[in-house]
Amino acid sequence: MDPFDAGAGGILRQPKAVWATAGASVVAFMGIGLVDPILPSIAKGLDASAGQVSLLFTSYFLITALAMLVTGFVSSRIGGRKTLLLGLAFVVVFAGLAGTSDTVGQLVGYRAGWGLGNALFVSTALAVIVGAAAGGSAAAILLYESALGLGMACGPLLGALLGDASWRYPFFGTAFLMAIGFLCISVFLKEQPKPARKTSLLDPIRALGHGGLASAAVSAFFYNYTFFTVLAFTPFVLNMTPYKSGAVFFAWGVLLAVFSVLVAPRMQKRFGSLKVLGGSLVLLAADVLVLGYGNHTAAVVCTILSGAFIGVNNTVYTELALGVSDAPRPVASAGYNFVRWFAAAAAPYFAPKIEEWTDVHIPFVVAAVTAVLGAVVVAVRHRALTHDAEELEPKHASEDSVTVFAN
């Protein structure tokens, strides 16, 4: 069945509850890249260094990583609807407070609270959408993937449009949009059935005892360091106006969405998951090296191009993480993300520090090395990263890619 079919169960024929949750998901994913084009403006407005402002990412993703141990525990006890509303409430409050910050320390702290809310929301949203969808899960999953891509692409654009007037406005704008999402979900979404088994806080850690899942998580840790060096450090290197920086990262987000949803599954079917992942990681390493050592035009082109490799990697890593072990998918996803999001917290902190200690090129050298290390783990742990002693098929990629990236 064509998921775009306007008939019953098609992507365009979903209940209001599905559209409300998907719409809020777009805004949730926008929050990841929202601050990208306004990082220099925030630094100037709060008289802060690049390293201090980059902590906006560090606090956000550090809390997100730790929250991976909590989200399943919470949602399995209070239900999906209440977990979504709790997460949205946190985002509304802390995004709004972020816009009132007088110091970079306050802003970093509020961003951490925002990260907790976002983790609670996005880790639950896919299950809620699938549970409320009409006509099976295929169309609902595609809708959620589209929300992810749209949010990642539009976050920098919204940050640029509102941030051109004041760096505070993107935070107020996010709080306003999430408040609308809160109201829509309150009205249109009914409570979903609770899981038969409650998730404990230690279940995700126990899942990492599986060699294949642990290998996927370690490889993804190295990859995410590269990913978030591009996302959090590059805006300072490009040194562009919010509008221009927003346009660059909008194009980056479009490539990420297209390659994640459309290109990666076709490549996997033709070449196999592990070959595609290893090749994409090596190409990403080459891309960030050119980004770091090329002229300004080359840096812009390579920033945009990195979105293609990142999109492919996100999809394939999902398949590895959720297909390689026998743990329940939410538990495996939580354990995997608990490990990999620590790199998303580390890269924004260390990249500016490395620049201070050396020069502007070396952070990209380190990022290239970590991408290669991710590929090395894939090559060395090839057997552990297969399921039933065969190359993983791409059949799970579309279903779970959003779960891993979002969780």
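All values reported here derive from a predicted model rather than from experimental measurement.

Analysis parameters
- Residues numbered from 1 in each chain as written.
- Predicted model: local features only at pLDDT ≥ 70, side-chain atom pairs only at ≥ 80, totals over all residues.
- Heavy atoms only, no water.
- Helix = DSSP H or I, 4+ residues; strand = E, 2+ residues; numbered from the N terminus.
- Expected span 1.5 Å × (residues − 1).
- Bend = angle between axes of the 7 residues up to and from the residue.
- Buried < 20%, exposed > 50% of the residue type's maximum accessible area, 1.4 Å probe, protein only.
- Patch = residues over 30% accessible without salt bridge, like charges linked within 9 Å, V, L, I, M, F, W, Y side chains within 5 Å.
- Areas by Shrake-Rupley, 256 points an atom, 1.4 Å probe, with all protein chains shown as cover.
- Salt bridge = Lys/Arg side-chain N within 4 Å of Asp/Glu carboxyl O.
- Phe/Tyr/Trp six-rings, centres within 6.5 Å; stacked < 30°, edge-to-face > 60°.
- Axes fitted to C-alpha atoms, helices over the stretch in contact; angles between N-to-C directions.
- Parallel < 35°, antiparallel > 145°, perpendicular 65-115°, else oblique.
- Left-handed = near helix turned anticlockwise from the far one by under 90°.
- Contact = heavy atoms within 4.5 Å.
- Nonpolar A, V, L, I, M, F, W, Y, C, P; charged D, E, K, R; others polar.

1. Considerations on helix α5 (residues 104-132)
Moving on, step 1. If you check α5, its first and last C-alpha atoms are 41 Å apart, about what 29 residues at 1.5 Å a residue would give, namely 42 Å.
Moving on, step 2. If you look at α5, its biggest bend is around 35°, right at Ala125.
Moving on, step 3. Buried residues dominate α5, accounting for 21 of its 29 residues.

2. A short note on helix α10 (residues 242-271)
Each full turn of the α-helix corresponds to 3.6 residues, which orients residues three or four apart in the same direction.
Moving on, step 1. Where α10 bends most, the angle comes to about 45°, and this point is Val263, followed within four residues by the proline Pro265.
Moving on, step 2. Residue Gly272 follows α10 closely and has a positive phi angle near 100°.

3. Topic: a nonpolar patch on the surface
Moving on, step 1. On the surface, Val70, Leu201, Leu202 and Ile205 cluster together into a nonpolar patch covering about 310 Å² of accessible area.
Moving on, step 2. Looking at the secondary structure, you find Ile205 in helix α8 (residues 203-207).

4. A look at the pattern of salt bridges
Moving on, step 1. Scanning the model with the defined rule gives 1 salt bridge in all.
Moving on, step 2. The partner of Arg206 in a salt bridge is Asp203, and the shortest N-O contact between them spans 3.0 Å. Separated by 3 residues within a single helix, Arg206 and Asp203 lie in helix α8, roughly one turn from each other.
Moving on, step 3. The exposed category is assigned to Arg206, whose relative accessible area is 54%.
Moving on, step 4. Judged by relative accessible area, which is 9%, Asp203 ranks as buried.

5. Considering unusual backbone geometry
Moving on, step 1. Positive phi, close to 50°, is recorded for Asp47, a residue that is not glycine.
Moving on, step 2. Under the relative-accessibility criterion, Asp47 is labelled exposed at 72%.
Moving on, step 3. A positive phi angle, close to 50°, is found at Asn239, a residue other than glycine.
Moving on, step 4. Of note, Asn239 is situated in the loop between α9 (211-238) and α10.
Moving on, step 5. By relative accessible area, which is 61% here, Asn239 ends up exposed.

6. Section: the packing of aromatic side chains
Moving on, step 1. The tally for this structure, following the rule as stated, stands at 18 aromatic pairs.
Moving on, step 2. Ring plane angle 25° and centroid distance 4.3 Å describe the contact between Phe227 and Phe228, whose orientation is recorded as stacked.
Moving on, step 3. With a centroid separation of 6.1 Å and an interplanar angle of 50°, the aromatic rings of Phe227 and Trp252 are classed as tilted. Of this pair, Phe227 sits in helix α9 while Trp252 sits in helix α10; the two residues are 25 residues apart in sequence, bridging distant segments of the chain. The same class applies to Phe227 and to Trp252, which are both buried.

7. Description of the packing of α9 against helix α11 (residues 273-293)
Moving on, step 1. Direction vectors running N to C along α9 and α11 enclose 30°, while the axes themselves pass 12 Å from each other. Relative to α11, the element α9 is oriented roughly parallel. Every pair of crossing elements has a handedness; the one defined by α9 and α11 is left-handed. The segment α9 lies against α11, with Ser219, Tyr223, Thr226, Val230 and Thr234 engaging Leu281, Leu284, Val288 and Leu291.
Moving on, step 2. Residues that form the contact of α9 with α11 fall into these classes: 6 nonpolar, 3 polar and no charged.

In short, geometric facts, not functional conclusions.
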